[in-house]
Amino acid sequence: MHHSTPTPFPSRPSPHRPSAEPASQTFDAIILGAGAAGLFCAAQAGKAGLRILLIDHARKLAEKIRISGGGRSNFTNRDLDPRAPQRHYLSQNAHFCRSALSRFTPQDFVALVQAHGIGFHEKHKGQLFCDHSSNDLIDMLDRLCQQQRVQRWQHCRIERVDFQPAADNAPEHPPAHGHYQIHTERGLATAPRLVVATGGLSIPKIGASDLGYRIARQFGIGLIEQRPGLVPLTFDAPTWHPFKSLAGISLPARIATGVGKNATHFDEDLLFTHRGLSGPGILQISSYWQPGQPLCIDLLPGLDLTASLQQARQHSRKLLANELAQWLPARLAQTWTQQSPAWQQPIDQTADKALRQLADSLQQWHITPSGTEGYAKAEVTLGGVDTRALSSQSMECRQQPGLFFIGEVLDVTGWLGGYNFQWAWASAHACAQALAQPLIPATVADSTKRRNA
Ligand SMILES: Cc1cc2nc3c(=O)[nH]c(=O)nc-3n(C[C@H](O)[C@H](O)[C@H](O)COP(=O)(O)OP(=O)(O)OC[C@H]3O[C@@H](n4cnc5c(N)ncnc54)[C@H](O)[C@@H]3O)c2cc1C
């Protein structure tokens, strides 16, 4: 098997600890990445009686949970559609996430949070946040792991992953297809199952890395191209110049992109920034936006602005900007009308055509982003490990028995609002259930399938 060839991972010098101890330790499963998915999977698999090792290179535990939801972690969403949970997710393989999400629901996670006495509240559109702090969630997951005697090697660099196939006559009890060997700066760890839960690329400064994608490549598993998602959008300087002074203004909007069957829109708040647009509506649309495509933004959704302006003109002599300020923030109305001399008149002296053009500019604002704020600001990574290589029941790779991928490293990306954590919990749960099943060597599994066919 070509997988036994070691693949070197770029190493970082470790000034803090002496380097690798040669002693090998054996576990039932090793999980790489102690974030949302890795911790939850470890706790569940530990509960099923398995000896689990969790390895993470970050100094602190689950930093992404800590910073999520403004420090209160939007840990799930009640609006997840139980009949079509995939509706709130993007993936090249749209239905892949369905099985796991319907077997571990937001209600299941809520029950866990309640059982641990963690207070939470619903904010907006089904979003559930911790009352106090996301640390409550991290403590809960950490406690669950400790109760199940999960071993954790934290702040531990992973140097290499190898797969050693079982010799045909190996006397294994239970029989295994082979072993994964994880070479780390703390020594060698071995297990018949390896779970990759190393997340996506966003926020590299708290530990994000491409390790999961490199492992996929090592084992011949396909990748869907990655790009930042749930991310503010930026514009080139000349395009953004007229709007720069609007930084800090937030207002409800309808934001659309794409055409035909690829058209998508969100009705959410939009925020002007110095470099471009942000706010929940923009973060949502950013996951659907394709470079080069324009956005079409309605800054006054639900209002027929042309008709409202025409009506106002019958009894008002105010400057157009002042009239507009009854529907829009005054600073926005002022700045917007400065784009054309025809919009700087009292409303009763403004021609019909100019009113219509102003209304169109505000309600069908076509503007093309030049890019995004990138992984430094993105909440998630779109793309990742191609789910077509995995079982949607177990998260196990079909061609590489014993190798699992869970959480954000997969090509499954949720909407803003708790959907990404729900995917982390649900995929971790599906994987833990599979880990709890007895090992069947690939040859036996294949002949069983053939017999049953
Ligand atoms: C600012 C911000 C706010 C967010 N808010 C929310 C929210 O409120 N609700 C929501 O649903 N989602 C939110 N998300 C998204 C959510 O945090 C992720 O989707 C989720 O954490 C993914 O879980 P995961 O376990 O797959 O990956 P992570 O939680 O990212 O965990 C991956 C782990 O792998 C470790 N790792 C990575 N590379 C290596 C390596 N080479 N060696 C060893 N270990 C490694 C990392 O240190 C990390 O601990 C937010 C994201 C960001 C950035």
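Just above sits the structure.
Bear in mind the structure is a predicted one, so any value in this text is a computation, not a measurement. (Residues numbered from 1 in each chain as written. Predicted model: local features only at pLDDT ≥ 70, side-chain atom pairs only at ≥ 80, totals over all residues. Heavy atoms only, no water.)

Trainee: What am I meant to see in the pattern of salt bridges here?
Mentor: Should their charged atoms come close, side chains of opposite charge can pair. Counted by the stated rule, this structure contains 16 salt bridges. Of the charged contacts in the structure, one is a salt bridge between R160 and D162, with a shortest N-O distance of 3.1 Å. A salt bridge links R388 to D386; the nearest nitrogen and oxygen atoms lie 3.0 Å apart. Connected via shared salt-bridge partners are D81, R83 and R87. (Salt bridge = Lys/Arg side-chain N within 4 Å of Asp/Glu carboxyl O.)

Trainee: When you look at the packing of aromatic side chains in this model, what are you seeing that I'm missing?
Mentor: Aromatic ring pairs are described here by two measures, namely the spacing of the ring centres and the angle between the planes. All chains considered together, the criterion is met by 21 aromatic pairs. An angle of 65 degrees between the planes, with centres 6.3 Å apart, marks the rings of F96 and W423 as edge-to-face. In this pair, F96 sits in the loop between β5 (89–90) and α3 (98–103) while W423 sits in helix α13 (residues 419–435), placing the two residues 327 residues apart along the sequence. The burial state of F96 is the same as that of W423; both residues are buried. Aromatic pair F235 and W240: ring centres 4.8 Å apart, planes at 15 degrees, arrangement stacked. For the pair shown, F235 and W240 are each scored as buried. (Phe/Tyr/Trp six-rings, centres within 6.5 Å; stacked < 30°, edge-to-face > 60°. Helix = DSSP H or I, 4+ residues; strand = E, 2+ residues; numbered from the N terminus. Buried < 20%, exposed > 50% of the residue type's maximum accessible area, 1.4 Å probe, protein only.)

Trainee: Please clarify how unusual backbone geometry should be interpreted in this entry.
Mentor: Excluding glycine, residues mostly have negative phi values, and the peptide bonds linking residues are mostly trans. The phi dihedral of S73 falls on the positive side, at around 55 degrees, and the residue is not glycine. Looking at the element boundaries, S73 is found in the loop between α2 (63–67) and β4 (74–77).

Trainee: What exactly am I supposed to notice about helix α12 (residues 352–363) here?
Mentor: One turn of the α-helix equals 3.6 residues, which is why residues spaced by three or four share an orientation. Given a rise of 1.5 Å per residue, twelve residues ought to cover 16 Å, and the 16 Å separating the end C-alpha atoms of α12 matches this to within 8%. Considered for burial, the residues of α12 that qualify are A354, L355, L358, A359, S361, L362 and Q363. Where α12 is buried, its residues meet β18 (295–298), α9 (305–313), α10 (320–324), α11 (330–337) and β19 (365–367). (Expected span 1.5 Å × (residues − 1). Contact = heavy atoms within 4.5 Å.)

Trainee: I keep staring at the sheet that holds strand β6 (residues 120–122) and nothing clicks. Help me out?
Mentor: Strands pair in a sheet through their backbones, by hydrogen bonds, and they do so in one of two ways: parallel or antiparallel. Reading across the sheet, the three strands line up as β4-β7-β6 and stay open at both edges, with antiparallel pairing between neighbours. Each having just a single partner strand, β4 and β6 make up the two edges of the open sheet. Between one strand and the next, the sheet's axes are offset by a mean angle of 30 degrees, whatever the strand orientation. Both β6 and strand β7 (residues 127–130) contribute to a ladder of three bridges, which runs antiparallel. Looking across to β7, one finds that H121 is bridged to F129. Helix α4 (residues 106–115) rests against β4, β6 and β7 of the sheet, and its axis sits at about 140 degrees to β4. (Pairing = 2+ DSSP bridges. Axes fitted to C-alpha atoms, helices over the stretch in contact; angles between N-to-C directions.)

Trainee: Before we go on, may I ask you to explain the site of the ligand in this structure?
Mentor: What surrounds the ligand is a group of 30 residues, the closest being A37, D56, S209, E408 and F421. S209 is positioned such that a nitrogen or oxygen atom in its side chain is 2.7 Å from a nitrogen atom of the ligand. Interatomic distance of 3.3 Å between a backbone N/O atom of N420 and an oxygen atom of the ligand. Summarising the interface, the protein chains cover 92% of the accessible area of the ligand, which totals 1,000 Å² for the free molecule. Among the secondary structure elements, those contributing two or more residues to the shell around the ligand are α1 (36–47), α2 and α13. Per element, the largest residue contribution to the shell around the ligand is four residues, and it comes from α13. Classifying every residue of the shell around the ligand by side-chain character gives 13 nonpolar, 13 polar and four charged. (Near = heavy atom within 4 Å. Polar contact = N/O pair within 3.5 Å; in protein donor to acceptor, adjacent residues only side chain to side chain. Areas by Shrake-Rupley, 256 points an atom, 1.4 Å probe, with all protein chains shown as cover. Nonpolar A, V, L, I, M, F, W, Y, C, P; charged D, E, K, R; others polar.)

Trainee: Would you explain the side chain of E323 in this entry?
Mentor: Locating E323 in the fold gives a position in helix α10. One buried charged residue, E323, forms no salt bridge at all, with the nearest opposite charge on K318 at 4.5 Å. Side chain to side chain, E323 and S316 meet in a polar contact 2.6 Å long. Polar side-chain contacts of E323 include one of 2.7 Å to the side chain of Q326. Leaving out residues up to four positions away in the same chain, E323 has contacts with A312, S316, K318 and I347. (Lys, Arg positive; Asp, Glu negative; His and termini not counted.)

Trainee: Help me out: how do you make sense of the nonpolar core in this one?
Mentor: Nonpolar side chains tend toward joint burial in soluble globular proteins. Among the nonpolar cores identified, the biggest contains 129 residues, and F272, F405 and W425 are the most heavily contacted of them. The element best represented in this core is α13, accounting for twelve residues. Looking at which domains feed residues into this core, each of domain 1 (2–227 + 378–452) and domain 2 (233–372) supplies at least three. Those residues in contact with F272 that lie beyond four places of it in its chain are W240, F243, L246, A247, G248, I249, L251, L277, L332 and W365. (Core = buried A, V, L, I, M, F, W, Y, C linked by side-chain atoms within 4.5 Å. Domains from an automatic or database assignment.)

Trainee: Explain the pairing of strand β10 (residues 178–184) to me, please; I cannot follow it from the model alone.
Mentor: Among the seven residues in β10, seven count as buried, and that is most of the element. Of the two faces of β10, both are covered, the one formed by G178, Y180, I182 and T184 as well as the one formed by H179, Q181 and H183. Both strand β9 (residues 158–165) and β10 contribute to a ladder of seven bridges, which runs antiparallel. Its bridge partner lying in β10, R160 is registered against H183. Examined bridge by bridge, β10 and strand β11 (residues 187–191) share five bridges and lie antiparallel to one another. Pairing of T184 across the sheet is with G187, part of β11. Following β10, the chain reverses through two residues before pairing antiparallel with β11.

Trainee: Sorry if this is basic, but what is going on with the sheet that holds β11 here?
Mentor: With mixed pairing, four strands are arranged side by side in an open sheet as β1-β11-β10-β9. If you trace the sheet from one side to the other, it starts and ends with β1 (24–26) and β9, each paired once. For this sheet, the mean angle separating the axes of adjacent strands, direction not counted, is 20 degrees.

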